[in-house]
Amino acid sequence: MLSNNVYQEEHIPTPRERFLSSYRANSIAVFGFWCLSLLLFVTLLAPWIAPYDAQWKSGVLLQPPSWNNLGTIEYFLGTDDLGRDILSRLIAGSRLTFGYAIVVALLSAIIGTIIGVFAGMTKGLLSSVLNHLLDTVMSIPSMLLAIIFVAFLGTGEFNILLAIWFSLIPRFIRSVYTAVHNEVEKDYIIAARLDGENNFYLLWYSILPNIMAGIVAELTLAISVAILDITALGFLGLGAQAPSPEWGALLGDSIELIYIAPWTVTLPGLFITFTVVVVNLVGDGIRHAIEAGTE
């Protein structure tokens, strides 16, 4: 198309455009994104797409999955030792595992980001103390922190969610603290300070937009950690109790049937593995896209 401009203009992509372009070029990350979207769809519409109620007992005990010679399409993934449809329980359990993991990770991200932003703006002795304190807390695995909180709060779904929430907050504080602290020392922030800009303006218009992609990447990783912690505590009997369809509780209830009816154990395990892998694929894709966009 002809133009009256004699100078050839070159479009310089914005950081957001570079990020999206790099993420779309990663086919594995795109595959993970669509799988994650499917999981979100199943989680949101679980009560309406499940074939049966999670606690309904069909009377057909230990029915094999439909691909087995003894299985039927009526119970696509088979039934458990009480005659409950496994597919329906897995779909219903997605809210108790994947859905709760997203909620806990989001709440942890909000609190951790607020504290991390203010901690990252500190200097001197206070900054050094916070740095060493966060390093100490981060050296303790989140699962161990969750078990410690459960020991004080007691078992139950709400208590383990509260415990996992408390254990994930230091993860976000450390990540945001490091990102803000590194961003504050850059030349454009120093130049903005010399122009008289206050801390609120620098945080809202300069620092937060530049670290937002890193927060999103940390959020995806926190979701996978929350899923593993919820299922692990449910498997140990510290979280959701029977007859809850939470995936970890399903594993714990069916572990004795692994030789008689292995599908009652392997199917919840495959769902947990698939969900964690998909979330990690999306998180790794976001992190690589951020690195490619800043080069």
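Above this text sits the structure in question.
Calculation criteria
Residues numbered from 1 in each chain as written. Predicted model: local features only at pLDDT ≥ 70, side-chain atom pairs only at ≥ 80, totals over all residues. Heavy atoms only, no water. Helix = DSSP H or I, 4+ residues; strand = E, 2+ residues; numbered from the N terminus. Expected span 1.5 Å × (residues − 1). Bend = angle between axes of the 7 residues up to and from the residue. Salt bridge = Lys/Arg side-chain N within 4 Å of Asp/Glu carboxyl O. Buried < 20%, exposed > 50% of the residue type's maximum accessible area, 1.4 Å probe, protein only. Core = buried A, V, L, I, M, F, W, Y, C linked by side-chain atoms within 4.5 Å. Patch = residues over 30% accessible without salt bridge, like charges linked within 9 Å, V, L, I, M, F, W, Y side chains within 5 Å. Areas by Shrake-Rupley, 256 points an atom, 1.4 Å probe, with all protein chains shown as cover. Phe/Tyr/Trp six-rings, centres within 6.5 Å; stacked < 30°, edge-to-face > 60°. Axes fitted to C-alpha atoms, helices over the stretch in contact; angles between N-to-C directions. Parallel < 35°, antiparallel > 145°, perpendicular 65-115°, else oblique. Left-handed = near helix turned anticlockwise from the far one by under 90°. Contact = heavy atoms within 4.5 Å. Nonpolar A, V, L, I, M, F, W, Y, C, P; charged D, E, K, R; others polar.

## Focus on helix α9 (residues 199-235)
Argument step 1. Here α9 spans only 47 Å end to end across 37 residues, well under the 54 Å set by a 1.5 Å rise per residue.
Argument step 2. Largest kink in α9: about 50°, centred on Leu208, with the proline Pro209 one to four residues after it.
Argument step 3. Positive backbone phi, at 85°, marks Gly237, one or two positions downstream of α9.

## Digging into the pattern of salt bridges
Two side chains with opposite charge may pair up if their charged atoms get near one another.
Argument step 1. Applying the stated criterion to the full structure yields 4 salt bridges.
Argument step 2. Two residues, Glu218 and Arg171, come together in a salt bridge whose shortest N-O distance is 2.6 Å. Of the two residues, Glu218 sits in helix α9 while Arg171 sits in helix α7 (residues 157-184), which places them 47 residues apart along the sequence.
Argument step 3. Note on Glu218: relative accessible area 14%, which makes it buried.
Argument step 4. Its relative accessible area of 23% is what places Arg171 among the partly exposed residues.
Argument step 5. Here the salt bridges do not stand alone but share partners, grouping Asp80, Arg84 and Arg89 into one network.

## Points about the nonpolar core
Generally speaking, soluble globular proteins have nonpolar side chains that are buried together.
Argument step 1. Membership of the largest hydrophobic core comes to 50 residues, with the highest contact counts inside it found for Leu90, Phe98, Ile164, Ile223 and Ile227.
Argument step 2. Elements that contribute at least two residues to this core include exactly α2 (27-44), α4 (86-120), α6 (142-153), α7, α9, α10 (247-254) and α11 (263-294).
Argument step 3. Listed in part, the 13 residues of the second largest apolar core include Val176, Val180, Val184 and Ile189.

## What to know about a nonpolar patch on the surface
Argument step 1. Among the surface-exposed residues, Val103, Leu107, Ile110, Ile111, Ile114, Ile115 and Phe118 lie close enough to one another that they form a single nonpolar patch of about 620 Å² accessible area.
Argument step 2. Relative to the helices and strands, Ile110 is located in helix α4.

## Here we look at the packing of aromatic side chains
Argument step 1. If you walk through the whole model with that rule in mind, you get 6 aromatic pairs.
Argument step 2. Considering the side-chain rings of Tyr52 and Tyr75, the 5.6 Å spacing of their centres and the 35° angle between planes classify their relative orientation as tilted. Here Tyr52 is found in the loop between α3 (46-49) and α4, whereas its partner Tyr75 is found in the loop between α3 and α4, with 23 residues between them in sequence.
Argument step 3. Take Tyr52: its relative accessible area is 22%, and that puts it in the partly exposed class.
Argument step 4. Ring centres of Trp247 and Phe271 lie 5.8 Å apart, and the angle between their planes is 70°; this geometry places the pair in the edge-to-face category. Remark: Phe271 occurs in helix α11 and Trp247 occurs in helix α10; sequence separation between them is 24 residues.
Argument step 5. Judged by relative accessible area, Trp247 falls into the buried class, the value being 1%.

## Looking at the packing of α6 against α9
Argument step 1. The interhelical angle for the contact between α6 and α9, taken along N-to-C directions, is 45°, at an axis separation of 10 Å. If you check the angle between α6 and α9, you find them oblique. Two packed elements cross with a definite hand, and for α6 against α9 that hand is right-handed. Across the interface between the two elements, Ser142, Met143, Ala146, Ile147 and Val150 of α6 pack against Val225, Asp229, Ala232 and Leu233 of α9.
Argument step 2. Class assignment of the residues belonging to the contact of α6 with α9 gives a composition of 7 nonpolar, 1 polar and 1 charged.

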